[in-house]
Protein chains: 2
Amino acid sequence: MSKKEALLKAAQLKVRSGGYNNFSFRELATAVGIKSASVHYHFPTKEDLGAELAHQYTNDFLNALGEPQLLNASGINPIDAYINQFRNALLEDKKMCLCGLLGAESDSLPEKVRNETKRFFEHNIEWLEKAHAVVAPESKAAAKKNAIKTIAMLEGAMLISKAVDNNDVFELAVTELG
Amino acid sequence: MSKKEALLKAAQLKVRSGGYNNFSFRELATAVGIKSASVHYHFPTKEDLGAELAHQYTNDFLNALGEPQLLNASGINPIDAYINQFRNALLEDKKMCLCGLLGAESDSLPEKVRNETKRFFEHNIEWLEKAHAVVAPESKAAAKKNAIKTIAMLEGAMLISKAVDNNDVFELAVTELG
DNA sequence: GTCTATAATTTGATAGAC
DNA sequence: GTCTATCAAATTATAGAC
């Protein structure tokens, strides 16, 4: 893993624990064994790092899923697969969704970071629209509404599970989603 | 309004925009016309301020609603009233729920603040359990599950509306909640 | 209750050597 | 790519006067 990749990985953990203001260049540098000044070689400013972090997170998240049509053709319910990806983030990483946290603090984010956070949700809603359409054919408007309801419930369930420190809350909230 | 009340009000706006790390004693002091050192007279540490902020927010939130049984007796659906309180926070204040944001960054919060944030959700889930029980009699387990689903959807819908900067998302997500 | 003054630390960022 | 050295600014917090 390159130093740049390691820096993004370290940053992801910090942001998913406490948001955009919860990491410093010095902390990341120490975590990967370089000096603070060297971080600026990879990311000119903190805003650049934050934007690249959210952008990569979005791509990784969607790439790990694959296309809903292909999942369905393989006998996998794409909505179940989507829920499982959120479940794993919560149970394995024991962390919030990166863009869930950034989305909540959207008002105070630097522009580039805010834009990348918005992009996460736009692309995820689009993915879920396709998923809903492929699982149970319905109107375009109904698919969009169901897509929004699905991701809203997942982000909310994650948030509250973290807040009360009890993952059962997540399971109770998402039981009837799939 | 006392200086202390004004400080909490200023802090609430900052935290609801960007989380616990998004305000400083100096900013709050300037906002209410005193000096940073004087803030420590009202709140010994930042953790104390954060905890009192979340505690007061929880009390104000529930007091504004009143008891679900009383609402129901007055011909008001308590779940609709609850949804409206979230809607107003988003449309009028144009801000996230304070404890929604704090809950998302729970892992990195000072202990007192984390505990008060947890208390917000425990009390709100309890309130919603009563509301569901009063609207449509059902098992205690079912009422609890519905309470969790309701607040998860509201927090998630709010979060995503902020992230994509479009309040229609909130309305789409909550249409079938009441 | 509020002030001045100040301490100790952390922060994002830059210049320039290697 | 990484370093040393450094900076200006911001942060939480305290001591003591008024």
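As a starting point, this report considers the structure included with it.

Rules of the game
- Residues numbered from 1 in each chain as written.
- Chains lettered and ligands numbered in written order.
- Predicted model: local features only at pLDDT ≥ 70, side-chain atom pairs only at ≥ 80, totals over all residues.
- Heavy atoms only, no water.
- Helix = DSSP H or I, 4+ residues; strand = E, 2+ residues; numbered from the N terminus.
- Buried < 20%, exposed > 50% of the residue type's maximum accessible area, 1.4 Å probe, protein only.
- Near = heavy atom within 4 Å.
- Polar contact = N/O pair within 3.5 Å; in protein donor to acceptor, adjacent residues only side chain to side chain.
- Lys, Arg positive; Asp, Glu negative; His and termini not counted.
- Salt bridge = Lys/Arg side-chain N within 4 Å of Asp/Glu carboxyl O.
- Contact = heavy atoms within 4.5 Å.

**Looking at unusual backbone geometry**
(1) Moving on: Backbone geometry places Asp165(A), a non-glycine residue, at a positive phi of 55°.
(2) Moving on: Relative to the helices and strands, Asp165(A) is located in the loop between helix H9 (140-164) and helix H10 (168-174).
(3) Moving on: What makes Asp165(A) exposed here is its relative accessible area of 66%.
(4) Moving on: A positive phi angle is found at Lys94(B), which is not glycine, with a value near 55°.
(5) Moving on: Relative to the elements of secondary structure, Lys94(B) occurs in the loop between helix H6 (78-91) and helix H7 (98-104).
(6) Moving on: Assessed through its relative accessible area of 54%, Lys94(B) is described here as exposed.

**Observations regarding the protein's contact with DNA strand D**
(1) Moving on: What surrounds DNA strand D is a group of 16 residues, the closest being Lys35(A), Tyr41(A), His42(A), Arg26(B) and Lys46(B).
(2) Moving on: Measuring from a phosphate oxygen of DNA strand D, one finds a side-chain N or O atom of His42(A) at 2.8 Å.
(3) Moving on: Measuring from a phosphate oxygen of DNA strand D, one finds a backbone N or O atom of Phe25(B) at 3.1 Å.
(4) Moving on: Going through the elements one at a time, helix H3 (36-42) of chain A together with helix H2 (25-32) and helix H3 (36-42) of chain B are the ones with two or more residues in the surface near DNA strand D.

**What to know about the side chain of Lys95(A)**
(1) Moving on: Relative to the helices and strands, Lys95(A) resides in the loop between helix H6 (78-91) and helix H7 (98-104).
(2) Moving on: The buried charged residue Lys95(A) lacks any salt bridge, with Asp107(B) as its nearest oppositely charged partner at 4.6 Å.
(3) Moving on: Those residues in contact with Lys95(A) that lie beyond four places of it in its chain are Leu13(A), Arg16(A), Ser17(A), Ala89(A), Leu90(A), Met158(A) and Lys162(A).

**Considerations on the pattern of salt bridges**
(1) Moving on: Evaluated as defined, the whole model comprises 20 salt bridges over all chains.
(2) Moving on: Linking Lys112(A) and Asp48(A) is a salt bridge whose minimum nitrogen-to-oxygen distance equals 2.7 Å. Of this pair, Lys112(A) sits in helix H8 (residues 111-135) while Asp48(A) sits in helix H4 (residues 46-65), placing them 64 residues apart in sequence.
(3) Moving on: Residue classification places Asp48(A) among the buried residues on the basis of a relative accessible area of 18%.
(4) Moving on: The salt bridge partner of Arg119(A) is Glu116(A), with a shortest N-O separation of 3.7 Å. Taken together, the residues Arg119(A) and Glu116(A), both in helix H8 and three residues apart, mark about one turn of the helix. By the burial criterion, Arg119(A) is buried, and Glu116(A) matches it.
(5) Moving on: Look at the salt bridges and you will find they share partners, linking Lys145(A), Lys149(A) and Glu176(B) into a network.

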